[in-house]
Amino acid sequence: MLKVLRALAAVLAGNAIYFLLLARHMPAWAWHEPFTLDLGLLLDFLVCLAIYLGLGALGRRRGQSA
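Because the structure is predicted, anything quoted here is derived from the model rather than measured.

1. What to know about the overall build of the protein
1) Next: The secondary structure content of the protein amounts to two helices and zero strands.
2) Next: Expressed as lengths along the three principal axes of its C-alpha atoms, the size of the protein is roughly 45 × 20 × 15 Å.
3) Next: Counting all 66 residues of the protein, 20% fall into the buried class.
4) Next: Restricting to contacts in the protein with at least 6 residues of sequence separation, those with at least 24 account for 61%.
5) Next: Accessible area for the protein stands at about 5,100 Å²; split by element, carbon and sulfur atoms hold 73% of it.

Pasting the structure below:
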């Protein structure tokens, strides 16, 4: 259950960071278009992945198993 909550937090935070902070500073050709595989989707995925891995490292550091 802890992994599911960590994944949910990572996706919500990653999408907020991408759409509210990063997307407005990217050129128009790099924006994410719905229902397509593009550079924007890749960048969004990488932001979410980085947050997920960071939360996992934080959990291990605090002595919790994730």
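Read on for the rest.
2. Considering helix 1 (residues 2-22)
For the α-helix, the turn length of 3.6 residues means that residues three or four positions removed from each other point alike.
1) Next: With 21 residues, helix 1 extends 28 Å from end C-alpha to end C-alpha; this agrees with the ideal 30 Å at 1.5 Å per step.
2) Next: Here helix 1 has its buried residues at Arg6, Ala10, Gly14 and Tyr18. Looking down the long axis of helix 1, one finds its buried residues gathered within 85 degrees of arc, a one-sided arrangement. Facing away from the buried side of helix 1, by more than 90 degrees, are the exposed residues Val4, Leu12 and Leu20.
3) Next: Contacts from the buried residues of helix 1 go to helix 2 (39-61).

3. With respect to the packing of aromatic side chains
1) Next: Counted under the stated rule, the structure contains one aromatic pair.
2) Next: With a centroid separation of 4.8 Å and an interplanar angle of 85 degrees, the aromatic rings of tyrosine 18 and phenylalanine 19 are classed as edge-to-face.
3) Next: A cation over an aromatic ring shows up here: arginine 6 above the ring of tyrosine 52, its NZ or CZ 4.1 Å from the ring centre.

4. Focus: helix 2
1) Next: End to end, helix 2 covers 33 Å across 23 residues, agreeing with the expected 33 Å (1.5 Å per residue, within 8%).
2) Next: Here helix 2 has its buried residues at Gly40, Asp44, Val47, Cys48, Gly56 and Gly59.
3) Next: Those residues of helix 2 that are buried are in contact with helix 1.

5. Overview of a nonpolar patch on the surface
1) Next: Together, Trp29, Leu39, Leu42, Phe45, Leu46, Leu49 and Leu53 make up a nonpolar patch on the protein surface, roughly 750 Å² of accessible area in all.
2) Next: Structurally, leucine 42 is set in helix 2.
3) Next: Classification of leucine 42 as partly exposed rests on a relative accessible area of 47%.

What counts, and where the lines are drawn
For every chain, the first residue of the written sequence is number 1, and numbering continues from 1 along that sequence. This being a predicted model, a pLDDT of at least 70 is required before a residue's local features are given, and a value of 80 or more before pairs of side-chain atoms are given or counted; all residues contribute to the totals for chains, interfaces and linings. To get the side-chain values, take all heavy atoms of the structure and skip hydrogens and water. Strands are runs of DSSP state E lasting at least 2 residues, helices are runs of H or I lasting at least 4, and numbering of each runs from the N terminus. The classification of residues rests on relative accessible area computed with a 1.4 Å probe and restricted to protein chains. Under 20% of the type maximum is buried, over 50% is exposed, and intermediate values are partly exposed. Note on definitions: a residue-residue contact is assigned when non-hydrogen atoms from the two residues lie within 4.5 Å. For the accessible areas, the method is Shrake-Rupley and the probe is 1.4 Å, while residue cover comes only from the protein chains on display. The span one expects for a helix is its residue count, reduced by one, times 1.5 Å. Summarising the geometry, the arc corresponds to the directions from the helix axis toward the C-beta atoms. Stacked, tilted and edge-to-face pairs are distinguished by plane angle, under 30 degrees for stacked and over 60 for edge-to-face with tilted covering the rest, among Phe, Tyr and Trp rings (Trp via its six-membered ring) whose centres lie within 6.5 Å. Should the NZ of a Lys or the CZ of an Arg lie within 6 Å of a ring centre and within 35 degrees of the ring normal, that charge is described as sitting over the ring. Put simply, a patch holds well-exposed residues, over 30% relative accessible area, that have no salt bridge, with like charges counted together within 9 Å and Val, Leu, Ile, Met, Phe, Trp or Tyr side chains within 5 Å. In what follows, salt bridge is the name for a side-chain nitrogen of Lys or Arg lying within 4 Å of a carboxyl oxygen of Asp or Glu.

Purely geometric numbers; function is a separate question.
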